[in-house]
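Okay, here's what each chain looks like letter by letter:
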Amino acid sequence: MTPLSRGFRGRPRRDIDPARIPPGQYAVDDFPVLSAGPTPRTPTADWSFTVDGAIDAAASWRWEQFMALESETFTVDIHCVTKWSKLATSWTGVSIDTLLEGVETSAAYVTAWSDGGYTTNLPLADLTGGKAWVVHSFDGTPLEPEHGGPARLLVPHLYFWKSAKWVRGLRLTVDDEPGFWEAAGYHNRGDPWQEQRYWND
Ligand SMILES: Nc1nc2c(c(=O)[nH]1)N[C@H]1C(S)=C(S)[C@@H](COP(=O)(O)O)O[C@H]1N2
Ligand SMILES: [Mo]
């Protein structure tokens, strides 16, 4: 019998290491778009990124200033609460550690806010220590507006709703303030490995 080339039966799926798929998730090859409203289109000429709230001095970068910050290109897996995971996604952006350099704060929480009104809340500790970025490129090309361009938050170790698209700032808060989906019943933290999908999970 002629061995059947795998190529004749369609392209085999990328080898997927099951250990990289959190419980209840499945891997996808495409890149779904999930937006709660219309896609804002802020020209980079009008764009800025602000860190403010419970800190002594707010900081703000215009687009050119932001793009001049030290950036990193890195590969991570992302996990949406609607159960798709996308492995080995490549991004370029600025580490939150860089954006918070020199910031003294008693705040333990952060609200990320976006053009269009979206917000999401996170413990400050989930944004620091090399775990989160504001990214401007996906796969080596400028981030598409549908996926959050010109820039989005990326917090790959939490469900993807924490990765605010069209992000414009981080507000440091002393008290934890539920964001858009968190106030609507999604889990406050959203760790995919603990399946923290909804408020009581
Ligand atoms: N500003 C904003 N950010 C957002 C959302 C949104 O509706 N608005 N949706 C969130 C959700 S639920 C997911 S799964 C991801 C989807 O990102 P994608 O469209 O690039 O896949 O963005 C998150 N960030
Ligand atoms: Mo999502």
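Residues numbered from 1 in each chain as written. Chains lettered and ligands numbered in written order. Predicted model: local features only at pLDDT ≥ 70, side-chain atom pairs only at ≥ 80, totals over all residues. Heavy atoms only, no water.

(A) Highlighting the side chain of Gln25. Within the element layout of this structure, Gln25 appears in the segment before β1 (26-27). Judged by relative accessible area, Gln25 falls into the buried class, the value being 10%. Within the structure, Gln25 has its side chain in polar contact with the side chain of Ser85 (distance 3.1 Å). Ignoring anything within four residues of it in the chain, the contact list for Gln25 reads His79, Cys80, Lys83, Trp84, Ser85, Tyr159 and Arg197. (Helix = DSSP H or I, 4+ residues; strand = E, 2+ residues; numbered from the N terminus. Buried < 20%, exposed > 50% of the residue type's maximum accessible area, 1.4 Å probe, protein only. Polar contact = N/O pair within 3.5 Å; in protein donor to acceptor, adjacent residues only side chain to side chain. Contact = heavy atoms within 4.5 Å.)

(B) Structural detail: unusual backbone geometry. In this structure, the amide linkage connecting Gly149 to the following residue, Pro150, adopts the cis form with an omega of 15°. By the element assignment, Pro150 lies in the loop between β9 (141-142) and β10 (152-154). Not every positive phi belongs to a glycine, and Asp139 is a case in point at roughly 55°. Relative to the helices and strands, Asp139 resides in the loop between β8 (133-138) and β9. The phi torsion at Glu195 lies on the positive side, around 45°, for a residue other than glycine. For Glu195, the position within the fold is in the segment after α3 (180-183). We classify Glu195 as partly exposed; its relative accessible area is 30%.

(C) Summary view of the site of ligand 1. Among the 20 residues in the neighbourhood of ligand 1, the closest are listed as Pro32, Ala36, His147, Arg152 and Lys165. Taking Arg152, its side chain carries an N or O atom lying 2.7 Å from an oxygen atom of ligand 1. Take Lys165: an N or O atom from its side chain is 2.6 Å from an oxygen atom of ligand 1. Look at ligand 1: alone it shows 530 Å² of surface, and the protein chains cover 97% of it. At a threshold of 2 Å from the grid points, most atoms of ligand 1 map onto the largest pocket. Across the shell around ligand 1, the residue classes tally to 13 nonpolar, four polar and three charged. (Near = heavy atom within 4 Å. Areas by Shrake-Rupley, 256 points an atom, 1.4 Å probe, with all protein chains shown as cover. 1 Å grid on protein atoms, 1.4 Å probe; cavity = no way out; pocket = protein on both sides within 12 Å on 5 of 7 lines; lining within 4 Å. Sits in = over half its atoms within 2 Å of the grid points. Nonpolar A, V, L, I, M, F, W, Y, C, P; charged D, E, K, R; others polar.)

In short, the description is geometric, and any link to function would need to be established separately.
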